[in-house]
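Fold and contact review
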Amino acid sequence: MATSTVFGVMPDGSPVEQYTLRAGALSCDILTYGGALRALRVPDAAGAPVDVLLGFDSLEDYRRQDKYMGALVGRYANRIGGASFSLNGQTFPLAANDGSNHLHGGDVGFDKQVWRAEMAGDNFLTLSLTSPDGQEGYPGTLHVQATYTLERNGLSILYLGECSRDTLCNLTNHAYFNLSGHASGPVGGQTIQIFASQYTPTDNGSIPTGEIAPVEGTSMDLRNPIRMDSQWDSDFPQLVQAGGFDHNWIIDGWDGALCPAARAWSPDTAIQMEVLTTLPGVQFYSGNYLDNCPAGKGSAPYAKRWGFCLETQCFPDSPHQPHFPSPILRTGERYASQTVYRFSSRQG
């Protein structure tokens, strides 16, 4: 069985547990608070374990940070413009928690709730959450599950959901990776590759304009591996506006099956991570606003660009863009998606 310990206690007295999964040389820690991935230990080229995830040492730090550190995010990952959407002829106002827009499920999204551990084994953990009708403005009572499965070469997350009314459902995990080790500093020397010929440009509020733009000839062309710091401060207007990479890429060849989305690599540890998903988009975020968060594990002084995110998703603001893949979950249907983080060792 997976080992579990009490990580902390919520203000209402309910305990938050930490589960540790193991598979071969890999191990990971998962919290029931926000379903957060707190640690993921992967062997480097010499076989020594490297914790490649940013995280915190106390529940209090998780509760007071605003970076969505390692958390499961919903009902709607990323942004919805104008903090409202219309469905079946009815308009649903949402929390405007990112300027005038709605971000990552609202004021008390899935990242700030305690999930229930339903099943656990040596290498898997199934968490569940029920979001009542009207929570954060969304229609319908939504039941969701997230199953973490650790394998010898990586970690898989399977998301499932069903709702009592037509609603939106767009789930992801907001892990911050640093393949040189969570306390090693900025990730600029690590490489990124995204298997996407197109992306969705945004306005100055990070809301997609609706355009499907080619990456060809721009700083958004990550089809071949580049050092992250070689482009994130370029004068390309989209990067200037967002303070670095924080955009949605459209995965080439998406058809709903599990397919490669991105690949990252650290020359320091030789750890390579490949991200595969059944979803149509991936948000590459270069940690541009990691300043002013609590100290990390072992008092690591996390700061700007100490970690990067690869958030698999439906496209941001899809409810307002009918030509984007639909994020609507109909009554009687089942939401299902999978994301896999696969690790290997590769010398430069």
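What comes next is a walk through the structure. On a predicted model such as this, the values are computed, not experimentally measured, just so you know. All residue numbers refer to position in the chain's written sequence, counted from 1. This being a predicted model, a pLDDT of at least 70 is required before a residue's local features are given, and a value of 80 or more before pairs of side-chain atoms are given or counted; all residues contribute to the totals for chains, interfaces and linings. To get the side-chain values, take all heavy atoms of the structure and skip hydrogens and water.

Now for the sheet that holds strand β21 (residues 246-250). By definition, two strands form a pair when at least two bridges between them are found by DSSP. Helix and strand assignments follow DSSP, with helices taken as H or I runs no shorter than four residues and strands as E runs no shorter than two, numbered in order from the N terminus. What the 5 strands build is an open sheet, ordered β19-β18-β21-β24-β25; its pairing is antiparallel. Only two strands of the sheet have a single neighbouring strand rather than two, namely β19 (213-214) and β25 (309-313). In the sheet, β21 pairs with strand β24 (residues 281-285) via 5 bridges, with the strands oriented antiparallel. Residue pairing in the sheet places His-247 in a bridge with Phe-284 of β24.

Here the focus is the nonpolar core. By size, the foremost hydrophobic cluster in this structure holds 67 residues, and its most contacted members are Phe-177, Trp-249, Phe-284, Phe-308 and Phe-343. Looking at this core, the element that brings in the most residues is strand β13 (residues 142-151), giving 5 residues. Any two residues having at least one pair of non-hydrogen atoms within 4.5 Å are treated as being in contact. With residues near it in sequence (within four places) discarded, Trp-249 still touches Ile-194, Ala-196, Gln-198, Tyr-199, Val-215, Met-220, Leu-222, Pro-280, Gly-281, Val-282 and Phe-284. Definition used in this section: a nonpolar core is a set of buried Ala, Val, Leu, Ile, Met, Phe, Trp, Tyr and Cys residues joined via side-chain atoms within 4.5 Å. Accessible area is worked out with a 1.4 Å probe on protein chains only. A residue is then buried under 20% of its type maximum, exposed over 50%, and partly exposed in between. Judged by nonpolar contacts, the second largest core, of 19 residues, contains Phe-7, Met-10, Phe-56 and Ala-300.

Another point: the packing of aromatic side chains. Classification of ring pairs rests on two measures: the distance between centres of Phe, Tyr or Trp rings, Trp counted by its six-membered ring, which must be within 6.5 Å, and the angle between planes, read as stacked under 30 degrees, edge-to-face over 60 and tilted in between. Enumeration according to the criterion identifies 15 aromatic pairs in this entry. Cation over ring: Arg-305 sits above Trp-232, and NZ or CZ is 4.4 Å from the ring centre. The aromatic ring of Trp-265 is capped on one face by Arg-346, whose charged end is 4.2 Å from the ring centroid. A positively charged side chain is recorded as over a ring if its NZ (Lys) or CZ (Arg) lies within 6 Å of the ring centre. The angle to the ring normal must also be within 35 degrees.

The strand order β1-β2-β3-β4-β5 describes an open sheet built from 5 strands, whose pairing is antiparallel. At either end of the open sheet lies a strand with only one pairing partner, and these are β1 (3-9) and β5 (49-51). Direction aside, neighbouring strands of the sheet carry axes that sit 20 degrees apart on average. As judged from the 6 bridges shared by β1 and strand β2 (residues 15-23), these two strands associate in the antiparallel manner. What sits directly across from Val-9, in β2, is Pro-15. Interaxial angle, 0 to 180 degrees, is taken between N-to-C directions of lines fitted to C-alpha atoms, where a helix line uses only the stretch in contact.

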